[in-house]
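Residue strings, one per chain:
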Amino acid sequence: MLLFNILLLLHFGAFAGYLFILASLWKDITAPRNKTGMILGIVILLTDIGLAALKYPAINYYKVVPKLLIFLVIAVLNGLFADKPLTRQAYYWLTGLTLLAALIAVVRV
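Definitions and cut-offs
Residues numbered from 1 in each chain as written. Predicted model: local features only at pLDDT ≥ 70, side-chain atom pairs only at ≥ 80, totals over all residues. Heavy atoms only, no water. Helix = DSSP H or I, 4+ residues; strand = E, 2+ residues; numbered from the N terminus. Expected span 1.5 Å × (residues − 1). Buried < 20%, exposed > 50% of the residue type's maximum accessible area, 1.4 Å probe, protein only. Contact = heavy atoms within 4.5 Å. Core = buried A, V, L, I, M, F, W, Y, C linked by side-chain atoms within 4.5 Å.

Participant: Help me understand helix α4 (residues 88-106) in this model?
Facilitator: Think of an α-helix as turning once every 3.6 residues; residues three or four places apart then point the same way. In this model α4 runs 27 Å from its N-terminal to its C-terminal C-alpha over 19 residues, within 8% of the 27 Å that 1.5 Å per residue would give. Within the sequence span of α4, burial applies to Ala90, Tyr91, Leu94, Thr95, Leu97, Thr98, Ala101 and Ile104. Buried positions along α4 lie against α1 (2-24) and α3 (61-80).

Right under this line is the structure:
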């Protein structure tokens, strides 16, 4: 149970950090970005997989599968715009998908 809680805290911290990065780009989307967002995205994906593996038989698939797919789409979008500035549409997609993943995480099914 301790490992699960540690992974959950890492997952939440990485998610909050990624949301902070997106919020800091609100005024100037074309501002140069560093690789912190991609690293946080990888941490989010790995901790999500680890949390699902630790709870394997009793997984709530209605929450885990859509959230994992959303994180994969976010990772692909970050990969596509890794070397160039974000477009307004890509920024809105990233922000919307991130908030949707947060909403899925906190809604009780």
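Participant: Help me understand the nonpolar core, please; the structure alone is not making it clear to me.
Facilitator: Where a protein is soluble and globular, its nonpolar side chains tend to be buried together. Counting residues in hydrophobic clusters, the biggest one holds 22 residues, and the most contacted among them are Tyr18, Phe71, Ile74, Leu86 and Leu94. Residue assignment for this core shows that the elements contributing at least two residues are α1, α2 (36-54), α3 and α4. Among the elements that take part in this core, α4 stands out by supplying six residues, more than any other. Not counting the four nearest positions on each side in its chain, Leu86 is found in contact with Leu25, Ile29, Thr30, Arg33, Phe81, Tyr91 and Leu94.

Participant: Is there a simple way to think about the side chain of His11 in this case?
Facilitator: Structurally, His11 can be placed in helix α1. Leave out the neighbours within four places in its chain, and His11 touches Ile44, Thr47, Asp48, Leu51, Lys67 and Phe71.

Participant: How should I be thinking about the environment of Thr87 in this particular structure?
Facilitator: Relative to the elements of secondary structure, Thr87 occurs in the loop between α3 and α4. For the pair formed by Thr87 and Leu22, sequence separation is 65 residues and the distance between their alpha carbons is 13 Å. The contacts of Thr87, once residues within four sequence positions are left out, are Ile29 and Phe81.

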